[in-house]
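# Architecture at a glance
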Amino acid sequence: MLLHSHDPATGELVGTVAITPVDAIPDAVARAREAAKGWRDLGLEARAACLARAKEVILQRADDIGRQLTREMGKPLREAVGEVRSCGEGLHEELDEMVAALSPEVLHDGSTHTELRRDPYGVCAAITPWNYPFSMPHWMVLPALVAGNTVLLKPSERTPLTGQAYADCLQAVLPPGVLQVVHGDGAQGRALVDADVDLIAFTGSRAAGSHILQAAAGTLKRVLLELGGKDPLVVLGDADVEAAARHAARNAYRNCGQVCVSTERVLVDASVADPFEKAFARHAATLTVGHGLDEATVVGPMIDRRQRDAVVAQVKDALHAGARLLFGGDDLDADGNFLRPLALVDVPRDAAVRLEETFGPVATVETFTTDDEAVDLANEGVYGLGAIVFSGDTERARAVARRLDAGMVGINRGVGGAAGSPWVGAKQSGYGFHSGPHGHRQFAQVRIVSTREG
Ligand code: NAD
């Protein structure tokens, strides 16, 4: 049985992969367990040195993989090649950071000498989404391997070619069995979670994450979940409105809004709402929508019709309930997978588009009159991935940021932290996290080995 991958802009077939039969998964896990002993015994530094050789492979193939990524998933070619290239370019620094984070430590207290070790769990299932189909596997697979686990990667059924390309780059330098790929949809994902794996590293929707956590409970498998978001962008009354609007347009609509930390809700001080809304519409109108291979394209198509239908349904429900279009929306009933940036105002409090993840080129705009009200609005709902605050007064912005229930907050900028920061969600946006020394350590079992001292 084959999994077909189609260009979301044209519907053309881009390629196929063989689906992994669900009943073949236990044997694949057994092979991973067999390979785990040799990989573990190699030691931390030697594993990192082995993986370091993948840098050249990734960089050599980056242009071809990037082109295929655009054709499979739709994002502009520049961003697709950049996604692949950045995984190769930063690889050696990441490996160094992982080795430092996972190295043993020694603790003494005069009577006891303790080695604090960070050992592999064993076999890791890495299950990933389609919106960053090269870097998401990288974020889950690399730390799992460096920590000494063997890995079964299940890329999204919507981007299997890019997931396979990532695995090919690593398999070119790894011993056999250390990294395998399982292709298929939620059925293969569920079978992997139910199989004899020790760690599940998942990036995807809140609904699937919740299912995985429940499925893992029986044998207390270790679980890391990076889930969805409904990120607010708060524009305080003293903000540079033009800069806030430019940032909001970019962050709401890049990757066609299919980013976990997309701005989905703009909360703006009523005193600057009018100029902000005008500037937001102006900046959104500059984003050229088209095929990702066209050089002028800034926003590609949505991943597929199913995703587009779900987004349009949220928008139409809100419109029926009294919301108004600030801009966009004239192509809601068009054929195909393109959807131009749109924004809604006067959205009823209980509309799904206000608090449920939309994951498309849609933003809602609401007003507030005090910072307290802005914080209350921003903290509504179950998600808590990222948030952004725009203000001309950094101290005031920090005071607001500290009260936001989000794992990552950016002030007058995006949410990503300095080098070494984890990528982390609060509330129902995450359960465990990755990246940075704190994130790398979540892929390892802490053990202490003690002897009497003195
Ligand atoms: P999804 O949850 O539908 O699928 C993700 C992966 O899980 C796919 O490989 C899928 O086949 C598999 N899967 C689905 N159901 C499963 C189950 N019950 N058990 C095991 N595996 C299962 O998500 P998606 O549509 O591919 O991706 C979009 C979602 O990912 C959005 O919610 C987005 O916010 C989130 N995301 C989060 C981050 C982050 O860092 N927090 C990053 C990227 C995407």
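Parameters and conventions
Residues numbered from 1 in each chain as written. Predicted model: local features only at pLDDT ≥ 70, side-chain atom pairs only at ≥ 80, totals over all residues. Heavy atoms only, no water. Salt bridge = Lys/Arg side-chain N within 4 Å of Asp/Glu carboxyl O. Buried < 20%, exposed > 50% of the residue type's maximum accessible area, 1.4 Å probe, protein only. Helix = DSSP H or I, 4+ residues; strand = E, 2+ residues; numbered from the N terminus. Pairing = 2+ DSSP bridges. Contact = heavy atoms within 4.5 Å. Axes fitted to C-alpha atoms, helices over the stretch in contact; angles between N-to-C directions. Near = heavy atom within 4 Å. Polar contact = N/O pair within 3.5 Å; in protein donor to acceptor, adjacent residues only side chain to side chain. Areas by Shrake-Rupley, 256 points an atom, 1.4 Å probe, with all protein chains shown as cover. Domains from an automatic or database assignment. Buried area = accessible area lost by both parts, 1.4 Å probe. Parallel < 35°, antiparallel > 145°, perpendicular 65-115°, else oblique. Nonpolar A, V, L, I, M, F, W, Y, C, P; charged D, E, K, R; others polar. Disulfide = S-S within 2.5 Å.

So, on to the pattern of salt bridges. Applying the stated rule across the entire model yields 27 salt bridges. The partner of Lys-75 in a salt bridge is Glu-83, and the shortest N-O contact between them spans 2.6 Å. For Lys-75, a relative accessible area of 2% translates into the label buried. For Glu-83, a relative accessible area of 5% puts it in the buried group. Across the pair Arg-118 and Glu-105 runs a salt bridge whose closest N-O atoms are separated by 2.6 Å. Of this pair, Arg-118 sits in strand β4 (residues 112–120) while Glu-105 sits in strand β3 (residues 105–108), placing them 13 residues apart in sequence. The exposure class assigned to Arg-118 is buried, which follows from its relative accessible area of 12%. Residue classification places Glu-105 among the partly exposed residues on the basis of a relative accessible area of 33%.

A few words on the sheet that holds strand β19 (residues 430–431). Pairing in this open sheet of 6 strands is mixed, and the strands run β7-β6-β5-β8-β9-β19 from one edge to the other. One side of each edge strand has no neighbouring strand; the edge strands of this open sheet are β7 (179–181) and β19. Pairing geometry for strand β9 (residues 222–226) and β19, over 2 bridges, is antiparallel. Opposite Leu-225, over in β19, you have Tyr-431 as the bridge partner. Where helix α6 (residues 135–146) meets the sheet, it contacts β5 (123–127), β6 (150–154), β7, β8 (199–203) and β9, and its direction lies at approximately 165° from that of β6.

A few words now on the site of the ligand. With respect to spatial proximity, 30 residues lie near the ligand, and among them Glu-157, Ser-205, Leu-227, Glu-357 and Trp-423 are the closest. Between Trp-130 and the ligand, the recorded distance is 2.9 Å, taken from a side-chain N or O atom to an oxygen atom. In this structure, an oxygen atom belonging to the ligand sits 2.6 Å away from a side-chain N or O atom of Ser-205. Burial of the ligand by the protein chains amounts to 91% of its free accessible area of 850 Å². Elements with a minimum of two residues in the shell around the ligand: α8 (186–194), β8 and α9 (206–217).

This part takes up the domain arrangement of the protein chain. One frequent convention defines the size of an interface as the accessible area lost when the parts assemble. Partitioning the protein chain into domains gives domain 1 (2–227 + 429–452) and domain 2 (231–419). Spacing between the C-alpha centres of domain 1 and domain 2 amounts to 30 Å. Counting residues at the interface gives 23 residues for domain 1, matched by 26 residues for domain 2. In this assembly, domain 1 packs against domain 2 so that about 2,100 Å² is buried in total across both faces, 54% of it on carbon and sulfur atoms. Linking domain 1 with domain 2 are 2 salt bridges.

Moving on, we get to the packing of helix α2 (residues 44–52) against helix α5 (residues 91–102). When two helices pack together, their arrangement is given by the angle between the helix axes and the distance between those axes. Closest axis-to-axis distance for the α2/α5 pair is 10 Å, and the angle between their directions is 170°. With respect to each other, α2 and α5 are oriented roughly antiparallel. Together, Leu-44, Glu-45, Ala-48, Leu-51 and Ala-52 of α2 and Leu-91, His-92, Leu-95, Val-99 and Leu-102 of α5 make up the contact between the two elements. Residue composition of the contact of α2 with α5, by class: 8 nonpolar, 1 polar and 1 charged.

Let us now look at unusual backbone geometry. For Cys-256, which is not glycine, the phi torsion reads 55° and is therefore positive. A positive phi angle is found at Asp-346, which is not glycine, with a value near 55°.

This brings us to the state of the cysteines. The full count for this structure, using the stated rule, is 0 disulfides. Considering cysteine sulfurs only, Cys-169 is the nearest to Cys-50, which forms no disulfide, with 14 Å between them. Left without a disulfide partner, Cys-87 is nearest to the cysteine sulfur of Cys-169, which lies 9.5 Å away. Judged by relative accessible area, Cys-87 falls into the buried class, the value being 3%.

Another aspect to go through is the side chain of Glu-264. Tracing the backbone through its elements, the reader meets Glu-264 in strand β11 (residues 263–269). Glu-264 gets classed as buried once you look at its relative accessible area, which sits at 2%. A polar side-chain atom of Glu-264 sits 2.8 Å from the main-chain amide nitrogen of Thr-358. Polar side-chain contacts of Glu-264 include one of 2.9 Å to the backbone nitrogen of Phe-359.

Turning to the sheet that holds β3, a few remarks are in order. Spatially, 3 strands are ordered β3-β4-β20 in an open sheet, and the strand pairing comes out antiparallel. The outermost strands of the open sheet, each flanked by one partner alone, are β3 and β20 (444–452). This sheet shows a mean twist of 25° between the axes of neighbouring strands, independent of strand direction.

Let's shift gears to the environment of Gly-432. Assignment of secondary structure puts Gly-432 in the loop between β19 and α16 (436–440). A sequence separation of 210 residues divides Gly-432 from Arg-222, and the C-alpha atoms of the two residues are 9.8 Å apart. Discounting chain neighbours no more than four positions away, the residues touching Gly-432 are Leu-224, Leu-225, Glu-226 and Gln-442.

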